[in-house]
Amino acid sequence: MFLVQYTGLNQLPFDPANNNEPLQFGSASGPLVTEGLIENGGESSKKRKRTNAPSADNSRTLNVDSTAMTLPMSDPTAWATAMNNLGMAPLGIAGQPILPDFDPALGMMTGIPPITPMMPGLGIVPPPIPPDMPVVKEIIHCKSCTLFPPNPNLPPPATRERPPGCKTVFVGGLPENGTEQIIVEVFEQCGEIIAIRKSKKNFCHIRFAEEYMVDKALYLSGYRIRLGSSTDKKDTGRLHVDFAQARDDLYEWECKQRMLAREERHRRRMEEERLRPPSPPPVVHYSDHECSIVAEKLKDDSKFSEAVQTLLTWIERGEVNRRSANNFYSMIQSANSHVRRLVNEKAAHEKDMEEAKEKFKQALSGILIQFEQIVAVYHSASKQKAWDHFTKAQRKNISVWCKQAEEIRNIHNDELMGIRREEEMEMSDDEIEETTETKETEESALVSQAEALKEENDSLRWQLDAYRNEVELLKQEQGKAHREDDPNKEQQLKLLQQALQGMQQHLLKVQEEYKRKEAELEKVKDDKLQVEKMLENLKEKESCASRLCTSSQDSDYPLEKTLNSSPIKSEREALLVGIISTFLHVHPFGASIEYICSYLHRLDNKICTSDVECLMGRLQHTFRQEMTGVGASLEKRWKFCGFEGLKLT
């Protein structure tokens, strides 16, 4: 059993471990704690009850169901001392107070919380031990062995990273003579053991039923174990408990994670199904009866939207054919009759909105007038004639009211001005739209007309193809039925031929008009291109004129231009050229730019290396750069070539 020792308690005047008389504390609901027997010296044949191991978390709090204390029934002084250390009024076995003049405040020690009905030994749930409270491991007596705690000053034993779903521990440092029965005896108090795999090299693996039992087993890490009372080396060892990675643990953990993922997916699916909008009702198939019902619904304003949806679905399904074309045309005509109604409704709603805006504007202007009157009253009251007659508190209230009224008035005024600005912007937008519409070019108008003619041409072509197909179908039916003498058929054929001729004539007219419009459009495009060419010619003439002006200016000042084109721009650069030429004349094999600049820095520290190199690069007939050396000793050197350059220039 695991005991927690609190520092700061008074020493009891007896040794509880050497007293074998059990003591039971009772309450109205039955016995709360039953004390077990403690082993006296060597092996004891009396039974003991095990207590729970440390809690599942890695904190230092321990779940202690009973305190390992046995007090003699005949020693009231020891009992009173123990109760005094716990801050409780000492009571006898029957419940009578032993010390009538007991002060609970005198028995409280530093670091011990006040006594509550939930404290260990007096209730079911023990209170948590504060983190700063020192926890001392006690000796654990088992039936066949004894566990001695490690040195509290040593650091806690090291453990590896905990595998997911770990239920298996590695136990090392077992005695050589340790058996599986002893391992079960030591570790079964941590929880239910499922399997033990013992090795011949003084270690084993223990698999528990739950994960929190592993944390209880880790509490025993560092304990020294001794079998019985033997001091033989084979009967002793130091336990090392650590996490172990087992396939079964990982498999169970993965199964649990998959189950949680399935539950989460199911929960999300149920939530999506709950939030999904209901599907629309199915649309019935087309028939003459359903067509008559939909036609009646189309005439009713309240059922119009449902009937239009059904009509749209039928048309998209391809229910339109030669037999049902008239029915569909009548339904489309009924749908078209609602356009005027919808336009009238929109105009009525817009009128209502304008009237509501006007009413709101009038009401807001009336409110602003009243606010102005109230503010005027405050201002008149603030004048000296009336202000001197008010008390200090009254003046303060009037000034506060005046500020509030002015703020509210300003807010309403801004709102009214915003409404007026919106109206002005709407009016200006309308004017802009009108001006843009009036300023449309002839080209855009011609393009739109050409597109309209093209669409009309396509529609006429499709109608002509449809008529041709119908004529062919009629001819085939005539040939099959052998009813050439039927006058109705002849009349239909004549009518169709006349319609085809009319369509062809109309198509020819549309094509001619389309060609004429295209010619006009091309003419407009040619005019546009000519205008663009004229603009380009004007721009070229302007650029030529500017060039002539600049060339005349250049001819007026040729000397300045030649001076500006000279590589030496100042007297300072001329001095630098003379000094560098003298220096390089002394060094016929050349010198690096760093060497030249180091010489120049003695004369002036402000000389920049890049400026010197740029100046020498501009004077190609005076200085020449050459590469000297081989391999790693390759170096750029400048040489003076003024005598050679004089001949070339």
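Predicted, not measured: the structure shown is a model, and the values here were computed from it.

Draft legend 1. Examining the UniProt feature "coiled-coil region" (unreviewed entry) in the chain more closely. UniProt records the feature "coiled-coil region" (unreviewed entry) at residues 332-366 and 450-541, using the numbering of this structure. Helix makes up 97% of residues 332-366 and strand 0%, whereas the separation of the span's terminal C-alpha atoms amounts to 52 Å.

Draft legend 2. Representation of the pattern of salt bridges within the structure. Counted according to the given criterion, the structure contains 20 salt bridges. Between Glu626 and Arg624 there is a salt bridge, with its nearest N and O atoms 2.9 Å apart. The salt bridge involving Arg637 is made with Glu635; its shortest N-O contact spans 3.5 Å. The network of salt bridges with shared partners includes Lys167, Arg207, Asp249 and Glu252.

Draft legend 3. A negative patch on the surface, seen in detail. Taken together, the side chains of Glu518, Glu522, Asp526 and Asp527 present a region of like negative charge at the surface. Locating Glu522 in the fold gives a position in helix H13 (residues 487-556).

Draft legend 4. Geometry of the sheet that holds strand S5 (residues 168-172). Strand order in the open sheet formed by four strands is S6-S7-S5-S10, and the pairing between neighbours is antiparallel. Since the sheet does not close on itself, it has two edges, and those belong to strand S6 (193-198) and strand S10 (240-243), each with one partner. Here the average twist between neighbouring strands, direction ignored, is 20 degrees. Alignment of S5 against strand S7 (residues 203-208), held across five bridges, turns out to be antiparallel.

Draft legend 5. How the structure looks around the confidence of the model for the chain. Averaged over every residue, the pLDDT of the chain is 75; residues scoring 70 or more account for 72%. Counting contacts from residues 85-126, a segment whose pLDDT is below 50, to residues more than four positions away or on other chains yields 62 contacts. Low pLDDT (under 50) marks residues 557-563, which in the prediction has one contact with non-local residues, meaning those over four places away or in another chain.

Draft legend 6. Representation of the pairing of strand S4 (residues 145-148) in the model. Residues Cys145 and Leu147 line one face of S4 and the alternating positions Thr146 and Phe148 line the opposite face, and both faces are buried. Bridge count between strand S3 (residues 140-141) and S4: two bridges; the pairing is antiparallel. Bridge assignment links Ile140 to a residue of S4, and that residue is Leu147. Two elements, S4 and strand S8 (residues 224-227), share four bridges in a ladder whose sense is antiparallel. Bridged to Thr146 within S8 is Arg226.

Draft legend 7. Layout of the sheet that holds strand S9 (residues 236-238). Spatially, S3-S4-S8-S9 is the arrangement adopted by the four strands of the open sheet, whose pairing is antiparallel. Two strands bound the open sheet, and with one partner strand each, they are S3 and S9.

Draft legend 8. Quick peek at the state of the cysteines. All chains considered together, the criterion is met by zero disulfides. With no disulfide of its own, Cys597 has Cys608 as its nearest cysteine by sulfur position, at a separation of 7.9 Å.

Draft legend 9. Examining the side chain of Lys517 more closely. Following the sequence through the fold, Lys517 ends up in helix H13. For the buried Lys517, which has no salt bridge, the nearest side chain bearing the opposite charge is Glu520, at an N-O separation of 4.4 Å. In contact with Lys517, other than residues within four places in its own chain, are Leu446, Gln449 and Leu453.

Rules and cut-offs
- Residue numbers here run from 1 along each chain, matching the order of that chain's written sequence.
- Local features in this predicted model are restricted to residues whose pLDDT is 70 or higher, and side-chain atom pairs enter the listing and the counts only when it is 80 or higher, whereas totals over whole chains, interfaces and linings include all residues.
- Only hydrogens and water are set aside; all other atoms, that is, all heavy atoms of the structure, feed into the side-chain values.
- UniProt positions are given in the numbering used here, feature names are shortened, and annotations may be inferred rather than shown by experiment.
- Secondary structure elements follow DSSP: runs of H or I no shorter than four residues count as helices, runs of E no shorter than two count as strands, and numbering proceeds from the N terminus.
- For this analysis, a salt bridge means a side-chain nitrogen from Lys or Arg found within 4 Å of a carboxyl oxygen belonging to Asp or Glu.
- Residues with no salt bridge and a relative accessible area higher than 30% make up the patches, which join like charges within 9 Å and nonpolar side chains (Val, Leu, Ile, Met, Phe, Trp, Tyr) within 5 Å.
- Surface accessibility in these figures is a Shrake-Rupley result with a 1.4 Å probe; residues are shielded only by whichever protein chains are displayed.
- When charges are counted, Lys and Arg contribute as positive and Asp and Glu as negative, whereas His and the chain ends are disregarded.
- By convention, the charge on Lys lies at NZ, on Arg at CZ, on Asp at CG and on Glu at CD.
- The pairing criterion is simple: DSSP has to find at least two bridges between the two strands.
- Angles here are taken between N-to-C directions and fall from 0 to 180 degrees, while the axes themselves are lines fitted to C-alpha atoms, restricted in helices to the stretch in contact.
- Note on scores: pLDDT gives the predictor's confidence for each residue, bounded by 0 and 100.
- For this analysis, residues touch if any pair of their heavy atoms sits within 4.5 Å.
- Summary of the burial criterion: residues with accessible area below 20% of their type's maximum are buried, those above 50% are exposed, and those between are partly exposed, where the area comes from a 1.4 Å probe applied to protein chains only.
- In plain terms, two cysteine sulfur atoms within 2.5 Å form what is called a disulfide here.

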